[in-house]
Amino acid sequence: MLCFLLSGGIWLIHNLSQKYTGVVSVSVAAHSGLLGRSASASSAIPVSARCSATGFRLLRLNHQRRDVHINVHEEDLVFAGDDRYSVSAAEMAKYSSDIFGEGVELVTFLNQSYTFEFQPENYKTVPVRPVYSVSYKPQYMAAAPMALSPDSVTVYGDSAQLERVDEVLTKSLNFNDLSKSVSGAVKLVPVQGLRMSDSDVSWSLSVVRYVEISSEVTIGVRNVPQDISFSVYPSRAQASFKCLFPAKSNPSGTCEFYVDYDEFLQSESGRCVARAANIPSYVLDWSLNPDIFDCMVREETE
């Protein structure tokens, strides 16, 4: 009797180790990043297909009780009315290894498409603000503010909570004595009670070498009516330019500094900040000393 059982067991193991083609059915729970929709489908659905695998694998799939979770790309989901989104069999084939596991070869799905329900959720899109401190080696600076990708995220949740959220922050980044560009990824600070479309973002900070050039420049005026005499004091200032190394030329030859008469009219103190025009592209930053100017106006008399 023992020999009979042993030989039967060997026969069963041998046969189940062979490759077969058969129909299997798996319960699939879908997740996605559809705008304005829940992150998970309301319920799992059965997905049936003809597959090739060992007898052990096919038997295990048909007796599997747990749901298989897959992340479906938004572009693979087609709106099918109400809260329903369909995935064609051709697109579903992309996820066959996630559904059936390694070592299972998909022959064909038994349905032309599969439909999931994603319930609507309150949401809003807000910018991401980087939180960082940085210092540079002498004669180095950032060529531009830190860039983020994505630079905004969608947050989901209660409408009252959403009204109080105007931005999402990154976790703090710290850099010392930079002399070259840096990049990486950083986690976002979770907002309690809300779900975010992204949990982290990529960042980059472009660092360049600069040379500083100083020149005395004239402060002009703009948008002054013909019957108004508008004066700026002092009429000259010291301009400091931080130029991308090596500097092509002194930018003071092309730059124009001026006080806008329209801004003066909106000023309560009669003091204004000078603006600049025709700044060359190789100028990374500029400043004036002084940076605030006294303005006087009088009407012209005939």
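Model, not experiment: these values are computed from the prediction.

A. Quick peek at the pattern of salt bridges. Using the criterion set out here, one finds 10 salt bridges in the structure. Across the salt bridge formed by Asp76 and Lys94, the nearest N and O atoms sit 3.0 Å from each other. Of this pair, Asp76 sits in the loop between β3 (68-71) and β4 (78-79) while Lys94 is found in the loop between α3 (89-92) and α4 (96-100), placing the two residues 18 residues apart along the sequence. Using a relative accessible area of 3% as the deciding quantity, one classes Asp76 as buried. A salt bridge links Glu167 to Arg129; the shortest N-O distance between them is 3.1 Å. You can see Glu167 sitting in the loop between α5 (159-163) and β13 (168-169) and its partner Arg129 sitting in strand β8 (residues 123-129), a full 38 residues away along the chain. Judged by relative accessible area, which is 40%, Arg129 ranks as partly exposed.

B. Broad picture of the sheet that holds strand β6 (residues 105-109). Pairing is mixed across the open sheet formed by 4 strands, whose spatial order is β3-β1-β2-β6. If you trace the sheet from one side to the other, it starts and ends with β3 and β6, each paired once. Sheet twist, expressed as the average angle between the axes of neighbouring strands with direction ignored, equals 50 degrees. Pairing geometry for strand β2 (residues 45-54) and β6, over 4 bridges, is antiparallel. Within β6, the residue paired with Cys51 across the bridge is Leu106.

C. Looking closely at unusual backbone geometry. Residue Pro234 is bonded to the preceding Tyr233 through a cis peptide linkage, with omega at -5 degrees. Its place among the elements puts Pro234 in the loop between β19 (228-233) and β20 (236-244). With an omega of -10 degrees, the peptide bond between Phe245 and Pro246 qualifies as cis. With respect to the secondary-structure elements, Pro246 resides in the loop between β20 and β21 (256-260). For Asn223, which is not glycine, the phi torsion reads 60 degrees and is therefore positive. Here Asn223 shows up in the loop between β18 (207-222) and β19. Judged by its relative accessible area of 48%, Asn223 is partly exposed.

D. Spotlight on the sheet that holds β8. The strand order across the open sheet formed by 4 strands is β13-β8-β12-β16, and the pairing between neighbours is mixed. Edge positions in the sheet fall to β13 and β16 (195-196), since each has one partner strand and no second. In terms of strand pairing, β8 meets strand β12 (residues 152-156) through 5 bridges, oriented antiparallel. Bridged to Tyr123 within β12 is Tyr156.

Cut-offs used in this document
Residues numbered from 1 in each chain as written. Predicted model: local features only at pLDDT ≥ 70, side-chain atom pairs only at ≥ 80, totals over all residues. Heavy atoms only, no water. Salt bridge = Lys/Arg side-chain N within 4 Å of Asp/Glu carboxyl O. Helix = DSSP H or I, 4+ residues; strand = E, 2+ residues; numbered from the N terminus. Buried < 20%, exposed > 50% of the residue type's maximum accessible area, 1.4 Å probe, protein only. Pairing = 2+ DSSP bridges. Axes fitted to C-alpha atoms, helices over the stretch in contact; angles between N-to-C directions.

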